Amino acid sequence: MQKPHRLTSATLVCALSILAGSMPGNALEVSASYRKNAEKAFNGFLQDLWPEAQQRGISRKVFDASVKRMSLQWKIPDLAPPKIAGEQPAASRKRQAEFGSPGRYFRNKSLNQLAQIGRRNIRKYESTFARIEKTTGVPREVVAAIWGRETAFSGAKIPHSAMSVLATQAFLGRRPDFFRPELLAIMEIAQRGVVPVSQLKSSWAGAMGHTQMLPGLYLKYASDGDGDGKSDIWNSIPDALATTATFLKASGWRPGLSWAYEVEQSSALDCTLEGPDEGRPVADWIAAGAKRVAGRKWPARLNSVKSYVIMPAGRFGPAFIATDNYYAIKNYNESDLYVLYVGNLADRIAGGGAFKTGWRKVDTFTRPAMKKVQSKMVALGYNVGDSIDGLIGFRTRTATGMHQKKLGMAVDCWPNRPFIARLR
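Please read all numbers here as calculations on a predicted model, not as lab measurements.

Enquirer: Even after reading the chapter, I still don't get the overall build of the protein, so can you show me in this structure?
Expert: When helices and strands are counted, the protein shows 17 helices and 7 strands. On C-alpha atoms alone, the protein measures out to a radius of gyration of 23 Å, which is about the 22 Å that the 2.2 N^0.38 rule sets for 424 residues. A principal-axis box enclosing the C-alpha atoms of the protein has dimensions of 65 × 55 × 40 Å. Scored against the burial criterion, the 424 residues of the protein give a buried share of 52%. Partitioning the intrachain contacts of the protein with sequence separation of at least 6 by distance along the chain shows that 71% fall at a separation of at least 24. Carbon and sulfur atoms make up 50% of the accessible area of the protein, which totals about 18,500 Å². The average position of the 60 basic charges and that of the 35 acidic charges among the side chains of the protein differ by 5 Å.

See the structure below:
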């Protein structure tokens, strides 16, 4: 199998720092007594999975062999351990990319280098990308951008045992209900025997392969990109690319449309109308005064296309009229900055450049501090999302803008310190 082009060491470091941008900070620290009691409870937790595993068609032999491979990974981040034997350790701290200055994730030099590598890999796997485009309608540049974003074109190390990571997240993680079915899914993958269990490596969050898919998504969207009759996303780059494109197609990718169109940041766009709930034809946004950057014209074919306002930094950064393709990428990773990174990298691979509007400095916050802000906003009757999670998502941004209007403040849809000081 051909090897992908490699990044220079400097570009790889930069790319991996971006990959780590949403990665939590400190690993968990627990007492020796808690660790001992947790290990015992963990073994019981694993054995209790057997009825669910059996319902999924997993044999007792595969189940027992899988359980033997699983161990608690105390050093991975994003853990929130339960109370065991009366002891409740503090959760590991989490640092989210949304709380830094967004501009640092869009450095021209690293993005241009990644785009150059992306173009080379597209040429190298020309037949694979052509086949993917034909069968899914997803542009090769978008698929390549996800590959570049997820593993720096397979240059990133994927060091963890997927079984142990998923077992740890299901037992000690912040979202055990999310990871429990993923843990069962990795056992189902082992049952299928696509690759040796020793090759089931993942990130600290359980994502696997060249384009980083969770086990449940692999089982649903696995595709054969190299024509050998199986889908090996761990060793076959064509299989990983085809699986990613199949997922995007199933997520609603619409051929022939960009993921988004950058527009001028102006009062013509109401930032409180951001998000998927406010979709309307492009013609409506044009009528409201939305203008593309650099004097670019709106193609007439877009007039009836359903679209959405996206302002990931409120009025402190670029603004976009996005299509359903934006949300197809967002199904891959729910971070707005992730979508913008992938979208812009795809544009650069296709010959485009940086966003025309720059990122301005914004007030930044820790996750616990933002949770307090969200709690106050909920008490005032605003919707900040499905949960008070400490993330500055679009609902928190739009709620901020709505309350800024009520307070008679400048409406920028970002929960800055002057706004927080007036929350009661």
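Here the narrative resumes, following the displayed structure.
Enquirer: Would you explain the state of the cysteines in this entry?
Expert: Note: disulfide means a covalent bond formed between the sulfur atoms of two cysteine side chains. As enumerated under the stated definition, the model contains 1 disulfide in all. Sulfur-sulfur distance for the disulfide between Cys271 and Cys413 comes to 2.1 Å. Residues Cys271 and Cys413 are joined through a disulfide that is right-handed, its torsion about the S-S bond being 80°. Linking Cys271 in the loop between strand S3 (260-263) and strand S4 (280-281) with Cys413 in the loop between helix H16 (394-407) and helix H17 (417-421), this pair joins segments that are 142 residues apart in sequence.

Enquirer: I keep staring at the sheet that holds strand S5 (residues 306-310) and nothing clicks. Help me out?
Expert: Note on sheets: strands pair through backbone hydrogen bonds, and any given pair is parallel or antiparallel. Here 4 strands make up an open sheet; going across it, the order is S3-S7-S5-S4 and the pairing antiparallel. Each having just a single partner strand, S3 and S4 make up the two edges of the open sheet. For S3 and strand S7 (residues 319-322), the ladder comprises 4 bridges, and the chain directions are antiparallel. Note on S7: the bridge partner recorded for Val263 is Ala319. Together, S5 and S7 form the strand contacts of helix H13 (residues 324-332), whose direction differs from that of S5 by roughly 65°.

Enquirer: Explain the packing of aromatic side chains here, please?
Expert: Two numbers describe a pair of aromatic rings. These are the distance of the centres and the angle of the planes. By the definition in use, this model includes 20 aromatic pairs. Arranged with centres 6.4 Å apart and planes meeting at 25°, the rings of Phe42 and Phe45 form a pair that is stacked. On the criterion of helical spacing, the pair formed by Phe42 and Phe45 is a turn pair, its members being 3 residues apart in helix H2 (residues 32-47). Judged by relative accessible area, which is 13%, Phe45 ranks as buried. Ring centres of Trp259 and Tyr326 lie 6.3 Å apart, and the angle between their planes is 20°; on these two criteria the pair is classed as stacked. Within this pair, whereas Trp259 is found in the loop between helix H11 (237-250) and S3, its partner Tyr326 is found in helix H13, the two being separated by 67 residues in sequence. The rings of Phe106, Trp259, Tyr308, Phe320, Tyr326, Tyr327, Tyr341, Phe355 and Trp359 are connected pair by pair, giving a single aromatic cluster. Sitting over the face of the ring of Trp50, Arg60 holds its NZ or CZ atom 4.6 Å from the ring centroid. Between Arg149 and the ring centre of Tyr341, over which it is positioned, the NZ or CZ distance is 5.6 Å.

Enquirer: Honestly, the nonpolar core in this entry has me stumped. Any pointers?
Expert: Generally speaking, nonpolar side chains in soluble globular proteins are found buried as a group. Among the nonpolar cores identified, the biggest contains 110 residues, and Leu46, Phe106, Leu183, Ile186, Trp234 and Trp259 are the most heavily contacted of them. The leading source of residues in this core is helix H14 (residues 336-349), at 9 residues. Leu257, Leu269, Cys271 and Val282 belong to the second largest nonpolar core, which has 16 residues in total.

Enquirer: Explanation requested: H14 in the structure shown.
Expert: In an α-helix, one full turn covers 3.6 residues, which means residues spaced three or four apart are oriented alike. With 14 residues, H14 should reach 20 Å at 1.5 Å per residue; the first-to-last C-alpha distance of 20 Å fits that figure. Along H14, 13 of the 14 residues are buried, which leaves the element largely enclosed by surrounding structure. For H14, the capping residue at the N-terminal end is Ser335, with a side-chain oxygen 3.2 Å from the backbone nitrogen of Leu337. Positive phi appears at Gly351, one or two residues downstream of H14, with a value of about 110°.

Enquirer: Which parts of the structure should I look at to understand the pattern of salt bridges?
Expert: Side chains that differ in charge, positive against negative, can pair when their charged atoms come close. The final tally for this structure, using the stated rule, is 14 salt bridges. The closest approach of N and O atoms between Arg56 and Glu188, which form a salt bridge, is 3.0 Å. Here Glu188 lies in helix H9 (residues 176-192) and Arg56 lies in the loop between helix H3 (50-55) and helix H4 (60-69), a separation of 132 residues in the sequence. Since its relative accessible area comes to 33%, Arg56 is described here as partly exposed. Glu188 sits in the buried class, given a relative accessible area of 16%. Close ionic contact of Asp277 with Arg395 constitutes a salt bridge, the shortest N to O distance being 2.8 Å. Taken together, the residues span a long stretch of sequence, with Asp277 in the loop between S3 and S4 and Arg395 in helix H16 at a distance of 118 residues. You can call Arg395 partly exposed: its relative accessible area is 25%. Salt bridges sharing common partners tie together Glu274, Lys330, Asp336 and Arg397.

Thresholds applied
- Residue indices follow the written sequence of each chain, beginning from 1 at its first position.
- Only residues with pLDDT of at least 70 are given local features in this predicted model, and only at 80 or more are side-chain atom pairs given and counted; all residues enter the totals for whole chains, interfaces and linings.
- In computing side-chain values, all of the structure's heavy atoms are included and hydrogens and water are not.
- The secondary structure listing takes helices from DSSP runs of H or I that are at least 4 residues long and strands from runs of E that are at least 2 residues long, numbered from the N terminus.
- Only C-alpha atoms enter the radius of gyration; for comparison, a globular chain is expected to reach 2.2 Å times N to the power 0.38, where N is the number of residues.
- A simple rule labels every residue: compare its accessible area, found with a 1.4 Å probe on the protein chains alone, to the largest value its type can have, and call it buried under 20%, exposed over 50%, or partly exposed in between.
- Contact criterion: two residues are considered in contact whenever any of their non-hydrogen atoms come within 4.5 Å of each other.
- Method for areas: the Shrake-Rupley scheme with a 1.4 Å probe, in which residue coverage is limited to the protein chains shown.
- Counting rule for charge: Lys and Arg are taken as positive, Asp and Glu as negative, and neither His nor the chain ends is counted.
- Where a charge lies is defined by one atom per residue type: Lys uses NZ, Arg uses CZ, Asp uses CG and Glu uses CD.
- Cysteine sulfur atoms that pair up within 2.5 Å are treated as a disulfide.
- Here, any two strands with at least 2 DSSP bridges between them count as paired.
- Under this scheme, a helix contributes an axis fitted over its contacting stretch, all axes are lines through C-alpha atoms, and angles between N-to-C directions fall in the 0 to 180 degree range.
- Stacked, tilted and edge-to-face pairs are distinguished by plane angle, under 30 degrees for stacked and over 60 for edge-to-face with tilted covering the rest, among Phe, Tyr and Trp rings (Trp via its six-membered ring) whose centres lie within 6.5 Å.
- Geometrically, a charge over a ring is one whose NZ (Lys) or CZ (Arg) sits within 6 Å of the ring centre while staying within 35 degrees of the ring normal.
- We define a nonpolar core as any set of buried Ala, Val, Leu, Ile, Met, Phe, Trp, Tyr and Cys residues linked to one another through side-chain atoms lying within 4.5 Å.
- By this rule the span expected of a helix is its residue count minus one, scaled by 1.5 Å.
- Two N or O atoms form a polar contact when they lie within 3.5 Å of each other; inside protein one atom must be a possible hydrogen donor and the other a possible acceptor, and for residues adjacent in sequence the pair counts only when both atoms belong to side chains.
- Salt bridge criterion: a side-chain nitrogen from Lys or Arg within 4 Å of a carboxyl oxygen from Asp or Glu.

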